[in-house]
Amino acid sequence: MSAGSHTVTASLSEPVQLARTRIAGVVYDRTEEIAEQGSAAILAQVPGYAGRDSEFRADVHDQVARLCRTGLGALLAQRRVSAADLAHTRRAAVRRARSGLPLADYITAFRLGQQTFWKNLMVHADDSPTAREATLSMVLPLTRYCDLISTQATHAYLDFQQHQSAEAGRDDHDLIEALLGGTLPDRGPLLAAAAAHGIGPAPGERLVVIAATVLDSSSERDTGGHSEIDAPHIVSSALARTGVNGHRTPAVVRDTDIVAVAGLGRATAGELCTRLRRTREALLTEGITTAFGISTVITGVGRLPRGRQEALSALDLLPDGGGVLALPELTPFRYLVLSSDETARSLVDPRIARTLADDQAKGGVLADTIRAFIAADTNLREAADALRIHHNTAKYRLRRIQQLTGRNIRTVTDLVELLVAIELRQAPAPVRRER
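Before going into details, it helps to say that this report is about the structure given with it. In this text the structure is predicted, and so the values were computed from the model without any measurement.

### Remarks on the overall build of the protein chain
If you tally the helices and strands in the protein chain, you get 18 helices and six strands. Counting over 435 residues, the protein chain shows a buried share of 49%. By sequence separation, contacts in the protein chain at least 24 residues apart represent 72% of the contacts at least 6 residues apart. Accessible surface for the protein chain amounts to roughly 21,400 Å². Of this, 51% is attributable to carbon and sulfur atoms.

### Here we look at the packing of aromatic side chains
For the coordinates displayed, the defined rule picks out four aromatic pairs. The interplanar angle of 70 degrees and the centroid separation of 5.7 Å between the aromatic rings of Phe117 and Trp118 together place this pair among those described as edge-to-face. Taking relative accessible area as the criterion, Trp118 reaches 23% and is therefore assigned partly exposed. An aromatic cluster of three or more residues is present, and its members are Tyr106, Phe110 and Tyr157. For Arg52, the ring lying beneath its charged end belongs to Phe56, and the centroid distance is 4.5 Å.

### Considering the pattern of salt bridges
Here the structure, examined in full by the defined rule, presents 13 salt bridges. Salt-bridge contacts for Arg334 lead to Glu423; the nearest nitrogen and oxygen are separated by 2.9 Å. A residue pair is termed long-range when its members are at least 10 positions apart, and Arg334 in helix α12 (residues 332–338) and Glu423 in helix α18 (residues 412–426) qualify at 89 residues. Accessibility expressed as a relative area gives 26% for Arg334, which makes it partly exposed. By relative accessible area, Glu423 is classed as buried at 12%. Among the charged side chains, a network of salt bridges with common partners joins Arg334, Asp368, Arg371 and Glu423.

### Quick notes on unusual backbone geometry
A positive phi angle is found at Gln78, which is not glycine, with a value near 55 degrees. Residue Gln78 is classed as partly exposed on the basis of its relative accessible area, which comes to 46%. Although it is not a glycine, Arg388 adopts a positive phi angle of roughly 60 degrees. With respect to the helices and strands, Arg388 occurs in the loop between α16 (380–387) and α17 (391–405).

### A look at α17
Its 15 residues give α17 an end-to-end C-alpha distance of 21 Å, which sits within 8% of 21 Å, the value for a rise of 1.5 Å per residue. Buried within α17 are the following residues: His391, Ala394, Arg397, Leu398, Ile401 and Thr405. Seen from one end, α17 has its buried residues packed into an arc of 130 degrees, which puts them on one side. Looking at the buried side of α17, the elements it contacts are α14 (350–361), α15 (365–375), α16 and α18. Among the residues trailing α17, Gly406 stands out with phi positive, at a value near 75 degrees.

### Some points on the pairing of strand β4 (residues 288–294)
The element β4 is extensively covered by neighbouring structure, given that seven of its seven residues are classed as buried. Burial along β4 is two-sided: the face carrying Ile288, Thr290, Phe292 and Ile294 and the face carrying Thr289, Ala291 and Gly293 are both buried. Judged from the four bridges that link them, β4 and strand β6 (residues 323–326) form a sheet pairing that is parallel. Across the sheet, Phe292 pairs through a bridge with Val324, a residue of β6.

### Here we look at empty space enclosed by the protein
Enumeration according to the criterion identifies three cavities of 30 Å³ or more in this entry. Computed from the structure, the largest cavity encloses a volume of approximately 230 Å³. Residue assignment for the lining of the largest cavity shows that the elements contributing at least two residues are α3 (54–77), α5 (103–123) and α6 (129–165). Per-element accounting of the lining of the largest cavity gives the leading share, seven residues, to α3. Taken together, the residues of the lining of the largest cavity break down into 15 nonpolar, four polar and one charged. Put simply, the second largest cavity is a space of about 50 Å³. Taken together, Thr355, Leu356, Leu366, Ala367, Ile370, Ile401, Thr405, Leu418 and Ile422 make up the full set of residues lining the second largest cavity. Of all the secondary structure elements, the ones that give two or more residues to the lining of the second largest cavity are α14, α15, α17 and α18. Take the lining of the second largest cavity: its biggest share by element is three residues, from α15. Grouping the constituent residues of the lining of the second largest cavity by class yields seven nonpolar, two polar and no charged.

### Points about the state of the cysteines
Within the structure shown, the criterion is met by zero disulfides. Of all cysteine sulfurs in the structure, the one in Cys146 sits closest to Cys68, which takes part in no disulfide; the separation is 8.6 Å. With a relative accessible area of 5%, Cys68 lands in the buried category.

### Things to note about the packing of α15 against α16
Where α15 meets α16, the axes come as close as 8 Å, and the angle between the chain directions of the two elements is 125 degrees. Judged by the angle between their axes, α15 and α16 are oblique. The two elements α15 and α16 meet at a crossing, and its hand is right-handed. Where α15 approaches α16, its residues Asp368, Thr369, Ala372 and Phe373 are matched on the opposing element by Leu380, Ala383 and Leu387.

### So, the nonpolar core
Within the largest apolar cluster, 49 residues are counted, with the highest numbers of intra-cluster contacts made by Leu179, Leu304 and Ile370. Ignoring anything within four residues of it in the chain, the contact list for Leu304 reads Leu179, Leu180, Leu207, Val209, Val261 and Ile298.

Basis of the calculations
- Residues numbered from 1 in each chain as written.
- Predicted model: local features only at pLDDT ≥ 70, side-chain atom pairs only at ≥ 80, totals over all residues.
- Heavy atoms only, no water.
- Helix = DSSP H or I, 4+ residues; strand = E, 2+ residues; numbered from the N terminus.
- Buried < 20%, exposed > 50% of the residue type's maximum accessible area, 1.4 Å probe, protein only.
- Contact = heavy atoms within 4.5 Å.
- Areas by Shrake-Rupley, 256 points an atom, 1.4 Å probe, with all protein chains shown as cover.
- Phe/Tyr/Trp six-rings, centres within 6.5 Å; stacked < 30°, edge-to-face > 60°.
- Lys NZ or Arg CZ within 6 Å of the ring centre and 35° of its normal.
- Salt bridge = Lys/Arg side-chain N within 4 Å of Asp/Glu carboxyl O.
- Expected span 1.5 Å × (residues − 1).
- Arc of directions from axis to C-beta.
- Pairing = 2+ DSSP bridges.
- 1 Å grid on protein atoms, 1.4 Å probe; cavity = no way out; pocket = protein on both sides within 12 Å on 5 of 7 lines; lining within 4 Å.
- Points joined across faces, edges and corners; volume = space filled by probe spheres on them.
- Nonpolar A, V, L, I, M, F, W, Y, C, P; charged D, E, K, R; others polar.
- Disulfide = S-S within 2.5 Å.
- Axes fitted to C-alpha atoms, helices over the stretch in contact; angles between N-to-C directions.
- Parallel < 35°, antiparallel > 145°, perpendicular 65-115°, else oblique.
- Left-handed = near helix turned anticlockwise from the far one by under 90°.
- Core = buried A, V, L, I, M, F, W, Y, C linked by side-chain atoms within 4.5 Å.

On their own, these measurements won't tell you what the molecule is for.
In structure tokens:
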């Protein structure tokens, strides 16, 4: 069942196999009780775990429960333990190392958790010959599993410590290059660097790619400004501090642009975007104007090359003044409007273009009325209420639009054409930045 062994059940008689499944199933169902016993023993007996906050204690409980479920789940399914199964073990090791927990205490905690697991397994195996044989058949695969997770946890702990003492900038650069190539090594310093940033090999890993560029920065050092050379590195450092998964975000300067890969953890893309906007505002106070493009949410490291292209595309859609453009916050319609070129704008009927230009000069009330009308599913009264105008006023405006543009607002095709023209007029022309 582990990465180095199989669970062999073919040689077992049917009664023994049934007994084995029964015992493992009973213990699996009592995982929460085992986790409670194990975490209590750890917190009481290991000095480094004493006096920790509730979040830390809950994490210990969760880790013991996960280890039990993973091992027993693989045993019951008669399969190997995969790298994805072990990802949570490596992440927990990184959290313990980051918290300053001594390695000796961490190993002791693992031993106590395993002792609790074995005691519960023996309690639920009766004294019948069949049950004893079934229990003995589980000893080898479960022992190998315990050895495997202990080894993985210890290596992850030591790798993280080594990563912390290494030159972080070089490690981050190599990590970013690997991630943007769609790969993540299964061992070594790059895996440790990824774990330190909350990025693992699990297939369901939720990630986003951030592409950034410096548009303007003060070059006068005596006024507190930053040189063009310094500014990208300052932005990279700011991005590294911007994260939502409790970890530092790997961010590096590539030529003059900056790229980062952020793990979302349990957070949403919207939460990350909010923090990125705050980061951009903070950089503005330092005299650095930036543009941030954010990819859609990518599931799994293998899709990160596509995420990089998405982030660069989003970056190109921002105006000269920069800003933050996040693809997860856009509808397909809005994306198509923003990514349209001058050809799309030239295809707008001249009568519609003139009407919208005149309307914009007068405050844009006709365009606002069309938007409200569509938002209200073409219900005129609801649109008037949303605009806080009289029903007859809204009716007059729509009639006026029809007269000026020659379009029938009750026809879907004409209404969509009006909306597209309105949105194209409001959307900034894409900026194709050289790379």
